[in-house]
Amino acid sequence: MSDVETKLTQELPESVLATLAEIGEEINASLNLDRVLSKMATLIKRLIDYEIFTVMLLDERSQMLINRFAVGYSQEMMENWRIPIGQGISGAAAASRRPILLGDVRNDSRYINTIDGVRSELAVPLLFKNRVVGVIDIQSSRVDYFTSEQQEILVLLGSRLATAIENARLFERARSQADTLLLLHEVGREASSILDVEALLRRAAELVKRVIDYQIMSIMLYDPATNLFLQRLAVKYGQSMQGKLAVGFSEGIIGAAASTGLPVRVPDVTKEPRYRMLNPETRSELAIPMTHKGRVIGILDLESPQLNYFTEDHVQALSILAAQLAIALENARLYEKVAHDEARMERELQAAQRMQGGLLRPVPAEDFGIDLAARIVSAREVCGDLYDFLRYGPTRVGFGLGDVSGKGSAAALYGAVAIGILRSIAPQKLLPAELLRQLNQLICERRIEGRFMTFCFATWRKPTRKLRVANAGQTQPMLYRNGHCEQLKLVGFPLGIYDDVTYEEWVLNLDPGDILVFQSDGLSEATDPDGNFYGIPRIASLIEQSATLTSDQIADRLLSDVQEFTRGTAITDDRTLVVMKVR
């Protein structure tokens, strides 16, 4: 307490001091400014029987006194009354930093007549560390109503109230910052969940509105093709519109923010040489760069018809939001690119799948004295397994099954090349061993590092019931005869690795009911959820159980049993079958 305040308190009656003490306790008891002002007005009424009581706080940006609390004013005056520093009795008290006591306002030219009948007025500036934070103003309809003692009381209260106002403001600002940070966290989390660029831009306009009540906003995104920032979204007084603005790195406020990578805040655009007038009503502007990995990818640009509308708090909050939006935009762009690429790849894979299906010949319809069936189940859209049928004449047919190393489109393309080569030598009607030798040489001429193919090929002659078969590293075929099924021990080196390779050929005479099954390792190596293999013994057992069925039925039953064994888990390797049953 200052010496002046100490002297004043010593001269005041005990009843007044008691009320002042109660006011002091109320001021210190709460950080809710509205509650403090309301209680203070009630307590002061005990000491000074005013008719109008007003507390006006100074807005430092506009240098205007704004009503914060009033008794005796209409709601309209509360909301709209603004007094510049230096004008009116309150403004003069704030400018001079001294109390002003008027016995008759009609005799003072500074008085602004807002309510008829007012005669006396007392205005006391609220000073905090010698800085004006507001004014207490009381008025009465009686001439010479307020006394010097009442002035001293208000001066004494004013010093305490100024401190309370600053404490409450600091509390409100801290709470507002905490609320803003929480809001920014929620906004950032929501923005990061939107993966459509256009939807994100529309939502960004709504999210920014939650942080700052703007009037005009543009979202500019950098376009590498033109080296310009293009207006992707424009909002004016709540209405979205088609943006047409294009700005370079050195143009206007937006260009300044883009070129420096720093926020640009302009309190008065009429005093800013870089300003480009697009909206005549604009008086202040704020441009915030959206930066991702050190690169400006866009600009948030806000405009207001009010001078000095944007604050440093706005700059800080929007800078955080802009960084979050930049990440969300990049994620959305990447997602759109990935989605576009995936859609293109999907179309290409579907086309490749159709082409691969077209390369697989259907089972021959001619009567070769055997019942043939072929099946292929791909682990992906296209696969590296293949089968083919070669007609060697009216009573002779060749068929084979292959498996290219690897999976997917590369393996499928390799297999397509192999089928093309196979069909190119088909007119020679080669026996299996020689066919594999020549096929290997031709594939080796087109050798691809790390790629090879296993292949098992057989020919069947109807009149003699003779089967010839040779194997180039493919899973050994299964033969069912005389009620028993076993795996033929046919070995050979895969195709496409070494040029000079020869192959052995086995000759078998088969009887009606005998069954030959070519299968890829996708069947025998299929696993259940516990990691157990389906295995060759299960294949042999199922063939024995199905010996009375047709080739089609055997193929379907075998594939179904494998799928049931794996309990519906994803197929990891292509499953291919060629089944031949002698009639």
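The shown structure was predicted, so the numbers you read here are calculated from the model rather than taken from an experiment.

A. Region of the structure containing the overall build of the protein chain. Scanning the protein chain for helices and strands turns up 14 helices and 23 strands. Across the 583 residues of the protein chain, 49% fall into the buried class. Of the roughly 28100 Å² of accessible surface on the protein chain, a fraction of 50% belongs to carbon and sulfur atoms.

B. How the structure looks around the pairing of strand E19 (residues 478–481). Bridge analysis of E19 against strand E20 (residues 484–487) gives four bridges, and the strand direction is antiparallel. Along E20, the bridge assignment pairs Leu479 with Glu486. Where E19 and strand E22 (residues 515–519) come together, three bridges link them in antiparallel fashion. By the bridge assignment for E22, Leu479 is matched with Leu516.

C. Region of interest: the sheet that holds strand E5 (residues 120–128). Pairing within the open sheet is antiparallel, and its six strands lie in the order E3-E2-E1-E6-E5-E4. Two strands close off the open sheet at either side, each with one partner strand: strand E3 (82–84) and strand E4 (100–102). Ignoring strand direction, the axes of neighbouring strands in this sheet form an average angle of 25°. Pairing geometry for E4 and E5, over three bridges, is antiparallel. What sits directly across from Leu101, in E5, is Leu122. Packing against the sheet, helix H3 (residues 33–47) makes contact with strand E1 (52–59), strand E2 (64–71) and strand E6 (131–140), and its axis sits at approximately 60° to E2. Helix H5 (residues 88–96) contacts E1, E2, E3, E4, E5 and E6 of the sheet and is inclined by roughly 35° relative to E5.

D. Just the side chain of Asp385, in detail. As for its placement among the helices and strands, Asp385 is situated in strand E15 (residues 385–393). Within the local environment of Asp385, its side chain forms a polar contact with the side chain of Ser520, the two groups lying 3.0 Å apart.

E. Quick peek at the environment of Ala332. Position of Ala332 relative to the elements: it lies in helix H9 (residues 312–359). What makes Ala332 buried here is its relative accessible area of 0%. The sequence separation of Ala332 and Glu198 amounts to 134 residues, and the corresponding C-alpha distance is 9.2 Å.

F. Inspection of the environment of Ala94 at higher detail. Note on placement: Ala94 falls in helix H5. Along the backbone, Ala94 and Pro125 are 31 residues apart, and their C-alpha atoms lie at a distance of 5.3 Å. The contact partners of Ala94, leaving out residues within four places of it in the chain, are Leu65, Ile85, Val132 and Val135.

G. Examining the nonpolar core more closely. Ranked by internal contacts, the top residues of the largest apolar core, which has 32 residues, are Val208, Ile219, Met290, Leu300, Leu302 and Leu318. Of all the elements in the fold, those that place two or more residues in this core are helix H7 (197–211), strand E7 (216–223), strand E8 (228–236), strand E12 (284–292), strand E13 (295–304) and H9. At ten residues, H9 tops the list of elements feeding residues into this core. Apart from the residues lying within four places of it in its own chain, the contact partners of Val208 are Tyr214, Met217, Leu300, Leu302, Leu318, Leu321 and Leu325. Counting residues in hydrophobic clusters, the runner-up holds 29 residues, among them Leu33, Val55, Leu122 and Val124.

H. Region of interest: the pattern of salt bridges. Counted by the stated rule, this structure contains 23 salt bridges. A salt bridge links Asp552 to Arg375; the shortest N-O distance between them is 2.9 Å. Of this pair, Asp552 sits in helix H14 (residues 551–565) while Arg375 sits in strand E14 (residues 370–377), and the two are 177 residues apart along the sequence. Overall, the relative accessible area of 35% leaves Asp552 in the partly exposed class. Asp556 serves as the salt-bridge partner of Arg375, at 2.7 Å between the closest nitrogen and oxygen. Here Arg375, found in strand E14, pairs with Asp556, found in helix H14; they are 181 residues apart in sequence, far enough to count as distant. Classification of Asp556 by relative accessible area gives partly exposed; the value is 39%.

I. Local environment of unusual backbone geometry. Its identity as a non-glycine residue notwithstanding, Gln63 has a phi of 55°, on the positive side. Take Gln63: it is sitting in the loop between E1 and E2. Residue Gln63 is classed as partly exposed on the basis of its relative accessible area of 39%. At Asn130, a position not held by glycine, the phi torsion is positive, near 65°. Take Asn130: it is sitting in the loop between E5 and E6.

What counts and how
- Residues numbered from 1 in each chain as written.
- Predicted model: local features only at pLDDT ≥ 70, side-chain atom pairs only at ≥ 80, totals over all residues.
- Heavy atoms only, no water.
- Helix = DSSP H or I, 4+ residues; strand = E, 2+ residues; numbered from the N terminus.
- Buried < 20%, exposed > 50% of the residue type's maximum accessible area, 1.4 Å probe, protein only.
- Areas by Shrake-Rupley, 256 points an atom, 1.4 Å probe, with all protein chains shown as cover.
- Pairing = 2+ DSSP bridges.
- Axes fitted to C-alpha atoms, helices over the stretch in contact; angles between N-to-C directions.
- Contact = heavy atoms within 4.5 Å.
- Polar contact = N/O pair within 3.5 Å; in protein donor to acceptor, adjacent residues only side chain to side chain.
- Core = buried A, V, L, I, M, F, W, Y, C linked by side-chain atoms within 4.5 Å.
- Salt bridge = Lys/Arg side-chain N within 4 Å of Asp/Glu carboxyl O.

Honestly, it's all geometry; don't read function into it.
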